[in-house]
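Topology and contacts: notes
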Amino acid sequence: MIDNSNANPIHAWSVGASLAALNWQLWDEAIWINQAFFSQAGHCGYVLKPQWMTSGFCSSGLPQRTARTLRVTVYSAHVHQGKLIGIRKDDPYVELKVKGLPCDSSTTKTPHANDTGRLVVDKAFDLFVSFPEMAVLLVVLKDLNLPHSDAVLGYTALSLATLVPGEYKLVLNEPFVSMEHPRQHRDMWVKVKLEW
């Protein structure tokens, strides 16, 4: 089946491709990954390949590395309920995804809140990453009650190559908008602590 969805660009980058073509009319997870990956160079349009990739890795395979532990503590999340608060309230939960080389791809999620739009978790999640220079952390706020599995309320994507440990209030971007830069929604956020 042929459609206009995007493939994960990290698959192309991981084998040394200098370019991964994306459909910018569809603002999906692949575009989020692309935006985060190129943020490590200030969105200038290129990122230098890691040293191991320029020194003949194709013939010898990936270098052996011990995986590092990225601990993400999710404290809370909030989504503004707006004028429909009396009709329907969100049941939010946070999904954490590491997108990188096949050895660095993992997903976990928090429990959900019931009919409040506010999630209080205060729980740590350990994600293991061997090649942070080729990985992105997606923090996605979803709604359990929406009728499809891609019930994304908001997201943010962070390059693990330049991740600075600390506590953050991550203001989330609105999903699936077709534009050059994502639009942040100031009333939708996730509070986290990131540490290696």
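Preceding this section is the structure that the text describes.
So, on to the overall build of the protein chain. When its secondary structure is counted, the protein chain shows four helices and eight strands. When the helices and strands of the protein chain are placed in sequence order, the string is α-α-α-α-β-β-β-β-β-β-β-β. Buried residues in the protein chain amount to 45% of all 196 residues. Looking at the protein chain alone, contacts between residues at least 24 apart form 64% of all its contacts between residues at least 6 apart. Element-wise, carbon and sulfur atoms account for 53% of the exposed surface of the protein chain, whose accessible area totals about 10700 Å².

Further remarks concern helix H2 (residues 29-39). Counting buried positions along H2 gives nine out of eleven residues, so the element sits mostly inside the fold. Burial in H2 covers these residues: Ala 30, Ile 31, Trp 32, Ile 33, Asn 34, Gln 35, Ala 36, Phe 37 and Phe 38.

Among the nonpolar cores identified, the biggest contains 28 residues, and Val 72, Val 74, Val 94 and Leu 137 are the most heavily contacted of them. Apart from residues lying up to four places away in sequence, Val 94 is in contact with Val 74, Ala 77, Thr 108, Lys 109, Thr 110, Leu 119, Val 139, Val 140, Leu 141 and Val 190. Ranked by size, the runner-up nonpolar core spans 23 residues in total, among them Ile 10, Phe 131, Val 152 and Ala 157.

Mapped onto the elements, Thr 156 comes out in strand S6 (residues 152-159). Among the residues examined, Thr 156 registers a relative accessible area of 10% and is labelled buried. Not counting chain neighbours up to four residues away, the residues in contact with Thr 156 comprise Leu 137, Leu 138, Val 139, Leu 170, Val 171, Leu 172 and Asn 173.

Attention shifts here to the packing of aromatic side chains. Applying the stated criterion to the full structure yields five aromatic pairs. Consider the rings of Phe 37 and Phe 38, whose centres lie 5.6 Å apart with planes at 85°: the pair is edge-to-face. The same class applies to Phe 37 as to Phe 38, namely buried. Counting every residue linked through ring pairs, the aromatic cluster contains Trp 13, Phe 37 and Phe 38. The side chain of Arg 68 reaches across the aromatic face of Trp 196, ending 4.1 Å from its centre. Lys 191 extends its terminal NZ or CZ atom over the ring of Trp 189, reaching a point 5.1 Å from the ring centre.

Reading the values: rules and limits
Residues numbered from 1 in each chain as written. Predicted model: local features only at pLDDT ≥ 70, side-chain atom pairs only at ≥ 80, totals over all residues. Heavy atoms only, no water. Helix = DSSP H or I, 4+ residues; strand = E, 2+ residues; numbered from the N terminus. Buried < 20%, exposed > 50% of the residue type's maximum accessible area, 1.4 Å probe, protein only. Contact = heavy atoms within 4.5 Å. Areas by Shrake-Rupley, 256 points an atom, 1.4 Å probe, with all protein chains shown as cover. Core = buried A, V, L, I, M, F, W, Y, C linked by side-chain atoms within 4.5 Å. Phe/Tyr/Trp six-rings, centres within 6.5 Å; stacked < 30°, edge-to-face > 60°. Lys NZ or Arg CZ within 6 Å of the ring centre and 35° of its normal.

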